[in-house]
Amino acid sequence: EWAKAEQVLSRSLEQIKLKHGAKSELARQATLFLGQSLARQGRLAQAAPHLTESLEKLSPDQGQEKLEALVWLLEYKCM
């Protein structure tokens, strides 16, 4: 199911960026979710850029989302 989510998120992210801009909250969420779906498939090298990008855009009050992105990035760095 993560592979299906990846396909939908990838297409959605492109459309969101066109309609709402690359810096919009929707784009940030889609980027994070795309990174997570790739990571959950074990494709950490492909997930890392998306997770890093989403970390740069997360606000300080979005601690749980930051933590999840950091955990996946740490796993990637340890491999």
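Preceding block: the structure.
What comes next concerns the included structure.

The rules we used
- Residues numbered from 1 in each chain as written.
- Predicted model: local features only at pLDDT ≥ 70, side-chain atom pairs only at ≥ 80, totals over all residues.
- Heavy atoms only, no water.
- Helix = DSSP H or I, 4+ residues; strand = E, 2+ residues; numbered from the N terminus.
- Rg over C-alpha atoms; globule rule 2.2 N^0.38 Å.
- Buried < 20%, exposed > 50% of the residue type's maximum accessible area, 1.4 Å probe, protein only.
- Contact = heavy atoms within 4.5 Å.
- Areas by Shrake-Rupley, 256 points an atom, 1.4 Å probe, with all protein chains shown as cover.
- Lys, Arg positive; Asp, Glu negative; His and termini not counted.
- Charge placed at Lys NZ, Arg CZ, Asp CG, Glu CD.
- Expected span 1.5 Å × (residues − 1).
- Arc of directions from axis to C-beta.
- Salt bridge = Lys/Arg side-chain N within 4 Å of Asp/Glu carboxyl O.

### Section: the overall build of the protein chain
Regarding its fold elements, the protein chain presents four helices and zero strands. Ordered by position from the N terminus, the helices and strands of the protein chain form the series α-α-α-α. Against the globule reference of 12 Å for 79 residues, the protein chain gives a C-alpha radius of gyration of 12 Å, in line with a compact fold. If one aligns the C-alpha atoms of the protein chain with their principal axes, the spans along those axes are about 35 × 30 × 15 Å. Put simply, the protein chain has 79 residues, and 34% of those count as buried. For the protein chain, the proportion of contacts with a sequence separation of at least 24, taken over those separated by at least 6, is 49%. On the protein chain, roughly 5,100 Å² of surface is accessible, and the fraction owed to carbon and sulfur atoms is 57%. Taking the average location of the 11 positive side-chain charges in the protein chain and that of its 10 negative ones, the two points are 4 Å from each other.

### With respect to helix α3 (residues 44-57)
Counted at 1.5 Å a residue, the expected span for α3 with its 14 residues is 20 Å, and the 20 Å between its end C-alpha atoms agrees. Every buried residue belonging to α3 is among L44, A47, A48, L51, S54 and L55, and all of these are buried. Within α3, the buried residues cover an arc of 145° as seen down the axis, which keeps them to one side. Buried residues in α3 make contact with α2 (25-40) and α4 (63-78).

### Regarding the side chain of E6
Mapped onto the fold, E6 is located in helix α1 (residues 2-20). On the accessibility criterion, E6 (16% relative accessible area) is buried. Ignoring anything within four residues of it in the chain, the contact list for E6 reads L34, S37, L38, Q41 and R43.

### Focus: the pattern of salt bridges
The final tally for this structure, using the stated rule, is four salt bridges. Among the ionic pairs, E65 bridges to R28, the shortest N-O distance being 3.6 Å. Taken together, the positions of E65 in helix α4 and R28 in helix α2 put the pair 37 residues apart, joining distant regions of the chain. Here R28 falls in the buried class, since its relative accessible area comes to 2%. Taken together, the salt bridges that share partners define one network made up of E25, R28 and E65.

Interpretation in functional terms is not warranted from these geometric data alone.
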